[in-house]
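Okay, here's what each chain looks like letter by letter:
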Amino acid sequence: MFGYPLNAWYVAAWDHEVTARGILARRVCDRPLALYRTADGRVVALADACWHRLAPLSKGKLVGDEEIQCPYHGLRYNAAGRCTHMPAQKTINPSATVPSYPAVERYRYVWVWLGDPDLADPATIPDMHQMASPDWAGDGKTIHAGCNYQLIIDNLMDLTHEEFVHSSSIGQDELSESSFETTHDERTVTVTRWMRDIDPPPFWLKNMRDKYPGFSGKVDRWQIIHFEAPSTICIDVGVAKAGTGAPEGDRSQGVNGYVMNTMTPETDRTSHYFWAFMRNYRLDSQLITTQLREGVHGVFGEDEEMLIAQQEAIDANPEHEFYSLNIDMGGMWARRILERMMAAEGRA
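Along each chain, the written sequence defines residue order, and numbers are assigned to residues from 1. Restriction of local features to residues with pLDDT of at least 70 applies here, the model being predicted, together with a cutoff of 80 or more for giving and counting side-chain atom pairs; totals for whole chains, interfaces and linings are based on all residues. Heavy atoms from the whole structure form the basis of all side-chain values; hydrogens and water molecules are not counted.

Undergrad: With reference to specific residues and values, describe the overall build of the protein chain.
TA: The helix and strand labels rest on DSSP assignments: H or I over at least four residues marks a helix, E over at least two residues marks a strand, and numbering proceeds from the N terminus. Along the backbone of the protein chain there are 6 helices and 18 strands. For 348 residues, the compact-globule estimate of 2.2 N^0.38 gives 20 Å, and the protein chain sits close to it at 22 Å. C-alpha atoms of the protein chain, sized along the principal axes, occupy 80 × 50 × 30 Å. Classification of residues uses two cut-offs on accessible area relative to the type maximum, computed with a 1.4 Å probe and protein chains only: under 20% is buried, over 50% is exposed, and between them is partly exposed. Residues classed as buried in the protein chain amount to 51% of the 348 residues present. Residue contacts are defined here by distance: any two heavy atoms, one from each residue, within 4.5 Å place the two residues in contact. Taking all contacts inside the protein chain whose residues are at least 6 apart in sequence as the whole, residues at least 24 apart take part in 61%. All accessible areas in this document rest on Shrake-Rupley with a 1.4 Å probe, and a residue is counted as covered only by the protein chains that are shown. Accessible surface, the protein chain as shown: approximately 15,900 Å² in total, 50% of it carbon and sulfur. Residues counted as positive are Lys and Arg, residues counted as negative are Asp and Glu, and His and the chain ends are not counted. One atom stands in for each charge, and that atom is NZ of Lys, CZ of Arg, CG of Asp or CD of Glu. Put simply, the protein chain has 33 plus and 48 minus side-chain charges, and the middle of one group is 8 Å from the middle of the other. The quantity called the radius of gyration is restricted to C-alpha atoms. Its globule counterpart is 2.2 Å times the number of residues to the power 0.38.

Next comes the structure, spelled out in structure tokens:
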């Protein structure tokens, strides 16, 4: 029910977490990885288990320009995962290798591919260009979520829960009252919702006043949720002064942000949830960047509490069948895409 495809790119870490000074241990799709950088800055992702006695390589050390040394008996491996040194003997067993996984640095993240390496095309990394664009500013964090990654996808594909879970910040009655449109193709799903001539909730009123001091009045609000397989969701959000043309494409009288989310399965019941909030106004203000990061972090903390409770309920009721409402349309299409990907790998 909650599996994950392997022929896909997943974020293993923020780029700043992987250094040439140490080794980062991270579990992705239930596979322990040892992540590090070579002397020339290239990111390496090896299986975190020595060929000899399965000692975790992440507990070892970096040697020379690109090698990692096992902490138990000192075997060394290069970036391709091939053993280059065995203590006390000159002959190296030709089978002495550990898996080396394709790794790409893009959009401030380190992406890894755990499936068939011949299929690992960097061009299929989900689009998160706002993370690296000079036209956008922002920051984010990582949540180690105690739930399956698909539950987070469900949460983000239907934002009507904001009315009930986030009533003090971004929630309002109009979320459930407004209509929405869902479109999809083989790898993406988009859910579009507009709320016209409404009072801005506290979060968006503050953002409007950051750009327009003393602002008051009605706004047009939008949420455009874009899912890209297997687990990246970028949400185009914002408000503009009511009646100034935002629904028709003119957002110049408003504030626009992107909630960038990408979820990586750690195990069947835990996830690495990487997120950031990017904005296209007051780009030079570190104060606003910090306020937005911490504000969104608080909102997501409310989601996390609900998702953990949901996972516990699922574990306690393993035979329960999920039912869907109209608001679940986006999440349903995302699940169908994941099911097709897993079926193609024989993992359904």
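What follows continues from the structure just given.
Undergrad: Pulling in residues and values, what's your account of the pairing of strand S2 (residues 24-28)?
TA: By the alternation rule, side chains of S2 split into Leu24, Arg26 and Val28, which are all buried, and Ala25 and Arg27, of which none is buried. Across 5 bridges, S2 lies against strand S3 (residues 31-37) in antiparallel orientation. Bridging from a neighbouring strand, Arg27 pairs with Pro32 of S3. Where S2 hands over to S3, the hairpin turn is made up of 2 residues, of which Cys29 adopts a positive phi near 50°. Being paired, for any two strands, means DSSP has found at least two bridges between them.

Undergrad: Lay out the layout of surface pockets with the relevant residues and their values.
TA: Cavity and pocket criteria rest on a 1 Å grid covering protein atoms alone: a 1.4 Å probe that fits but cannot get out defines a cavity, protein on both sides within 12 Å along at least 5 of 7 lines defines an open pocket, and an atom within 4 Å of a point defines a lining residue. Grid points are joined across faces, edges and corners, and a volume is the space filled by probe spheres set on the points. Space inside the second largest pocket adds up to approximately 160 Å³. Taken together, Asn7, Ala8, Trp9, Trp113, Leu119, Thr124, Pro126, Arg187, Ala229, Pro230, Met341 and Glu345 form the lining of the second largest pocket. Classifying every residue of the lining of the second largest pocket gives 8 nonpolar, 2 polar and 2 charged. Polar here means any residue outside two lists: the nonpolar Ala, Val, Leu, Ile, Met, Phe, Trp, Tyr, Cys and Pro, and the charged Asp, Glu, Lys and Arg; Gly therefore counts as polar.

Undergrad: I'd love a proper account of helix H1 (residues 149-157), names of residues and values included.
TA: With 8 of 9 residues buried, H1 lies mostly within the body of the structure. Inspection of H1 places Tyr149, Gln150, Leu151, Ile152, Ile153, Asn155, Leu156 and Met157 among the buried residues, and these make up the whole buried set. For H1, the capping residue at the N-terminal end is Asn148, with a side-chain oxygen 2.8 Å from the backbone nitrogen of Gln150. Each polar contact in these results corresponds to two N or O atoms within 3.5 Å; when the atoms are within protein, one needs to be able to donate a hydrogen and the other to accept it, and residues that are neighboring in sequence are counted only if both atoms are side-chain atoms.

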